[in-house]
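Results of the structural survey
The chain contents come next:
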Amino acid sequence: MEFKDNIELKVLLLAIYKKEADESLKEILKMMDNNRVFDLKTGKQYLKELRNLGFLNDDELTFVGIETAKKVELEFKI
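Summary of the structure given here.

Calculation criteria
- Residues numbered from 1 in each chain as written.
- Predicted model: local features only at pLDDT ≥ 70, side-chain atom pairs only at ≥ 80, totals over all residues.
- Heavy atoms only, no water.
- Helix = DSSP H or I, 4+ residues; strand = E, 2+ residues; numbered from the N terminus.
- Rg over C-alpha atoms; globule rule 2.2 N^0.38 Å.
- Buried < 20%, exposed > 50% of the residue type's maximum accessible area, 1.4 Å probe, protein only.
- Contact = heavy atoms within 4.5 Å.
- Axes fitted to C-alpha atoms, helices over the stretch in contact; angles between N-to-C directions.
- Parallel < 35°, antiparallel > 145°, perpendicular 65-115°, else oblique.
- Left-handed = near helix turned anticlockwise from the far one by under 90°.
- Nonpolar A, V, L, I, M, F, W, Y, C, P; charged D, E, K, R; others polar.

Thoughts on the overall build of the protein chain
- Helices and strands together make up the secondary structure of the protein chain, namely 4 helices and 2 strands.
- Beginning at the N terminus, the succession of helices and strands in the protein chain can be written as α-α-α-β-β-α.
- By the compact-globule yardstick of 12 Å for 78 residues, the protein chain fits well, its C-alpha radius of gyration being 11 Å.
- Projected onto the principal axes, the alpha-carbon positions of the protein chain cover approximately 25 × 25 × 25 Å.
- Going through the 78 residues of the protein chain one by one, you find that 37% of them count as buried.
- A separation threshold of at least 6 residues defines the contact pool for the protein chain, and within that pool the share at least 24 residues apart is 57%.

Thoughts on the packing of helix H1 (residues 7-18) against helix H2 (residues 25-34)
- At a closest axis distance of 10 Å, the pairing of H1 and H2 adopts a crossing angle of 130°. In this view, H1 runs oblique relative to H2, as classed from their interaxial angle. The two elements H1 and H2 meet at a crossing, and its hand is right-handed. In this structure, H1 contributes Val11, Leu12, Ala15 and Ile16 to the contact, and H2 contributes Leu25, Ile28, Leu29 and Met32.
- Residue composition of the contact of H1 with H2, by class: 8 nonpolar, no polar and no charged.

Details of the side chain of Glu73
- Within the secondary structure layout, Glu73 lies in helix H4 (residues 63-77).
- Setting aside chain neighbours within four positions, we find Glu73 in contact with Leu14, Tyr17 and Lys18.

See the structure below:
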């Protein structure tokens, strides 16, 4: 799965970057499911992919993940 070609993966990364301090990843996935971005099963696969790409470590974004999320945010602003 290519990160640059997957809009849903980018949206999830941005949502994790923008999440409130008291929000969990599970809550973010439920929000995505409620908004019909993707279902919970797909969301869990995306979290695994973000971990494999080195963007997510446990429940926090890595430095690389934060930098990538900032780029994604700029991409969506254009």
